[in-house]
Amino acid sequence: MKSWWRKDPKGGNTAAAASADGAAAPAASSSAAHRAEQVLRHLEWKVIRRLDGLLQGDYRTLLRGAGLDLADLREYQLHDDVRHIDWNVTARMQSPYVRVFTEDREMSAWFLLDLSPSVDFGSGDLRKRNVSAEFVAVLARLLTRHGNRVGAMLYGSGVDSVIPTRSGRRHVLHLLHSMLDRAASTESGPTRLQDLLTSAANLIKRRSTVFVVSDFISEPGWEKALAQLAQRHEVVAVRVLDPLELELPDLGLLTLRDAETGEQVVVDTHDSGFRKRFARIAAQREAELREALTRSGVDALELSTDADLVDAIVRFVDMRKRRTQLSSGGLPAHLRRAA
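Residues numbered from 1 in each chain as written. Predicted model: local features only at pLDDT ≥ 70, side-chain atom pairs only at ≥ 80, totals over all residues. Heavy atoms only, no water.

(A) Region of the structure containing the overall build of the chain. Each helix and strand counted, the chain has 10 helices and 10 strands in total. By residue count, 43% of the 339 residues in the chain fall in the buried class. By sequence separation, contacts in the chain at least 24 residues apart represent 74% of the contacts at least 6 residues apart. Of the roughly 17,400 Å² of accessible surface on the chain, a fraction of 51% belongs to carbon and sulfur atoms. (Helix = DSSP H or I, 4+ residues; strand = E, 2+ residues; numbered from the N terminus. Buried < 20%, exposed > 50% of the residue type's maximum accessible area, 1.4 Å probe, protein only. Contact = heavy atoms within 4.5 Å. Areas by Shrake-Rupley, 256 points an atom, 1.4 Å probe, with all protein chains shown as cover.)

Have a look at this one:
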């Protein structure tokens, strides 16, 4: 997918990225609002139109409603929730039956946005912050077009902004404008993702779908808060990453700077032993992160700065669709056993 961020000759990101990164570009509210309109219009034309054809209107797998309507009755299966057993029908049929529900059309989604300094990193044309903004704009527009409401909580050095849930294109523009017009955090210090998740648990009362959009570079302790949030809400961990965080190329001497603490270190990437140690540590962190997300009981979606956003969303929807089919007995018995 061709991005609406472009790279300038000096290596920086211009246009929308300038505002998001706190550069010296015009930061007037009207200018940011105009950029937001341009960005959303581009995404509607280039991205959402593609998703319309690929998803074929199947947006209900993106999030699930809080209200339930009785749709059918069927025999109990081992994976079913015992709370859905219909005891009256069970007594008549002499066999346990469960109620099958469909979600109502009125649903709410929240975006918990980690905009700490580490998301400003990017080795190519896009930074992680840009990918995050693209994802939020596309998902918010897809959902609000079908009458759903979206809201957001923004985290820099702390939770500093809350956008209540509403629907409509104007609201999506407001959300995108809030991200594009946001200055980069000047405070140094580690990210505490736990604070964002705990604040969300206290704020979001009605059952919702919650997208946690972060690179998950944070102080430990967020795992428990994420699991607690997932007990009440449908939580999706949207992890943004850059290929350079997983493997270093041979570029000679490099000065690396920690975006959150400001600490700098000079490394020799020509040293193959160093590159192997870096890759091994990165792979270990990847494994630990994925295991933590699995233990927390959340779905996970990975968005890389060098990958196609549409392909990532379609794969994610297909995964959720297969899981729904498995849980509802929609697949043949021999395939359910194999799964």
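(B) Structural detail: the packing of helix 4 (residues 128-144) against helix 5 (residues 169-180). Direction vectors running N to C along helix 4 and helix 5 enclose 165°, while the axes themselves pass 9 Å from each other. As summarised for this structure, helix 4 and helix 5 are arranged roughly antiparallel, according to the angle between their axes. Helix 5 is crossed by helix 4, and the crossing has right-handed handedness. Counting all contacts with helix 4, which are made through Ser132, Ala133, Val136, Ala137, Ala140, Arg141 and Thr144, the residues of helix 5 involved are Arg169, Val172, Leu175, Leu176 and Met179. Here the contact of helix 4 with helix 5 is built from residues that sort into 8 nonpolar, 2 polar and 2 charged. (Axes fitted to C-alpha atoms, helices over the stretch in contact; angles between N-to-C directions. Parallel < 35°, antiparallel > 145°, perpendicular 65-115°, else oblique. Left-handed = near helix turned anticlockwise from the far one by under 90°. Nonpolar A, V, L, I, M, F, W, Y, C, P; charged D, E, K, R; others polar.)

(C) Focus on the sheet that holds strand 7 (residues 234-241). Sheet architecture is open: 6 strands sit in the order 5-4-3-6-7-10, paired in mixed fashion. Across the chains shown, the open sheet's two edge strands, defined by having one partner strand only, are strand 5 (159-166) and strand 10 (299-304). Adjacent strand axes in the sheet meet at a mean angle of 15°, parallel and antiparallel pairs treated alike. Relative to strand 10, strand 7 runs parallel, the two sharing 6 bridges. Its bridge partner lying in strand 10, Leu241 is registered against Ser304. Set on the sheet, helix 6 (residues 193-203) makes contact with strand 3 (108-114), strand 4 (149-155), strand 5 and strand 6 (209-214); between it and strand 3 the angle comes to about 160°. Taken strand by strand, helix 7 (residues 222-232) contacts strand 3, strand 6 and strand 7, and its axis lies near 140° from that of strand 7. (Pairing = 2+ DSSP bridges.)

(D) Just helix 7, in detail. Taken residue by residue, helix 7 has Trp222, Ala225, Leu226, Leu229 and Ala230 as its buried positions. The buried residues of helix 7 occupy one face: seen down the axis, they fall within an arc of 140°. Relative to its buried face, helix 7 has exposed residues pointing more than 90 degrees away, namely Lys224 and Gln231. Looking at the buried side of helix 7, the elements it contacts are strand 3, helix 6, strand 6, strand 7 and helix 8 (272-295). (Arc of directions from axis to C-beta.)

(E) Inspection of the nonpolar core at higher detail. Residues Phe111, Leu113, Phe135, Val138, Phe211, Val213 and Leu303 are the most contacted members of the largest nonpolar core, which totals 46 residues. In terms of residues, this core owes the most to one element, helix 4, which gives 10 residues. Ranked by size, the runner-up nonpolar core spans 23 residues in total, among them Leu196, Val210, Val212 and Leu226. (Core = buried A, V, L, I, M, F, W, Y, C linked by side-chain atoms within 4.5 Å.)

(F) Region of the structure containing the pairing of strand 6. By the criterion of burial, strand 6 is predominantly enclosed, with 6 of the 6 residues buried. The alternating pattern of strand 6 places Thr209, Phe211 and Val213 and Val210, Val212 and Ser214 on opposite faces, both of which are buried. Direction of pairing for strand 3 relative to strand 6: parallel, over a ladder of 5 bridges. Paired with Leu113 across the strands is Val213, a residue of strand 6.

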